[in-house]
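Coordinate analysis (summary)
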Amino acid sequence: MLPVTVASSICGHPQHPALNYSTRGLPACGDKRLRIGSVVMTIPKLVKVSSTCRDERGYPVCRIPVDDCPDGWVNNTESGSCYKLVMSEKTYSAAKSTCAQENAHVVSLNTEEELSFVYQYVSNEVNPFKTFWIGLTRVSGGWLWEDGTSLNITSSAFWADGEPNNYGNQENNAQVKMGSKVNDVRGSHSMYFVCEKK
């Protein structure tokens, strides 16, 4: 984990000013997982006070970006997630199993910004023309991410032209292709994939 430095004394615990609250990424107030030094602890309740958080006793809880992703993973402070590109071509089912073995899931792209971040990350690691699995599955009436959320990106820039087309009535999973566009595809194809965990 990278060292955390805090410029303002407001970030210190009033009884232990050398210990600074921090969390992975920049979660909203209400995230109960806090790290003090190397110890993770739970605060029962956080309430929002202007642009800062305070615990239930009124002590300031400063939200500090901390890159505490495991080795081989990259951190996105906006989403608060860690990502890992697996450069082994697998079917969608095998990709899910591989991510699950790392207590993760195939990446869920809940915002256009997250899609852009992950696409840039993959493009920096491999040929930008390489396609890769994302954790999106067709369900009755729509699409569902592996983290259990529904597809909520409504921009026409999300899907590639003419997609999703469910060609042959068999395209129930999704891939990102060149230009960070999403395409529906059969899960029996094999390709790289990105795992995500909080």
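Everything below is about the structure printed above this text.
Residues numbered from 1 in each chain as written. Predicted model: local features only at pLDDT ≥ 70, side-chain atom pairs only at ≥ 80, totals over all residues. Heavy atoms only, no water.

1. What to know about helix α2 (residues 112-125)
Rule in force here: Numbering goes from the N terminus for both helices and strands, where a helix is a DSSP run of H or I of at least four residues and a strand is a run of E of at least two. In a helix, the anticipated span is given by 1.5 Å times the number of residues less one. Burial status follows relative accessibility: with a 1.4 Å probe on protein chains alone, a residue under 20% of its type maximum counts as buried, one over 50% as exposed, and anything between as partly exposed. Throughout, a residue-residue contact means that at least one pair of heavy atoms, one from each residue, lies within 4.5 Å.
The terminal C-alpha atoms of α2 lie 20 Å apart, and with 14 residues this matches the ideal 20 Å at 1.5 Å per residue to within 8%. Residues E114, L115, V118, Y119, Y121, V122 and S123 constitute the buried set of α2. Turning to α2, the residues buried within the fold contact β7 (74-76), β8 (81-90), β10 (132-139), β12 (173-177) and β14 (191-197).

2. Remarks on the state of the cysteines
This is how the line gets drawn: Two cysteine sulfurs form what is called a disulfide whenever their separation falls within 2.5 Å.
Inspection of the entire model under this criterion finds two disulfides. Note on cysteine connectivity: C69 is disulfide-linked to C82, with sulfurs 2.1 Å apart. With the S-S dihedral at roughly -90 degrees, the linkage between C69 and C82 falls on the left-handed side. One end of the pair, C69, is in the loop between β6 (60-61) and β7; the other, C82, is in strand β8, with 13 residues separating them in the sequence. Residue C69 shares its accessibility class with C82, and that shared class is buried. The disulfide bridge from C99 ends at C195, spanning 2.0 Å between sulfur atoms. Torsion about the S-S bond of the C99 and C195 cystine: about -85 degrees, corresponding to left-handed handedness. Taken together, the positions of C99 in helix α1 (residues 92-101) and C195 in strand β14 put the pair 96 residues apart, joining distant regions of the chain. Side by side, C99 and C195 carry an identical accessibility label, which is buried.

3. Let's talk about the pairing of β10
Where we set the bar: Strand pairing follows a simple DSSP-based rule, namely that at least 2 bridges must link the two strands.
The pairing of β10 with β12 spans four bridges and is antiparallel. In the sheet register, T137 faces β12, and the bridge partner there is N173. With two bridges connecting them, β10 and β14 associate as parallel partners. Residue pairing for β14: F132 is matched across the bridge by Y192. Taken together, the four bridges between β10 and strand β11 (residues 142-145) define a ladder with antiparallel strand orientation.

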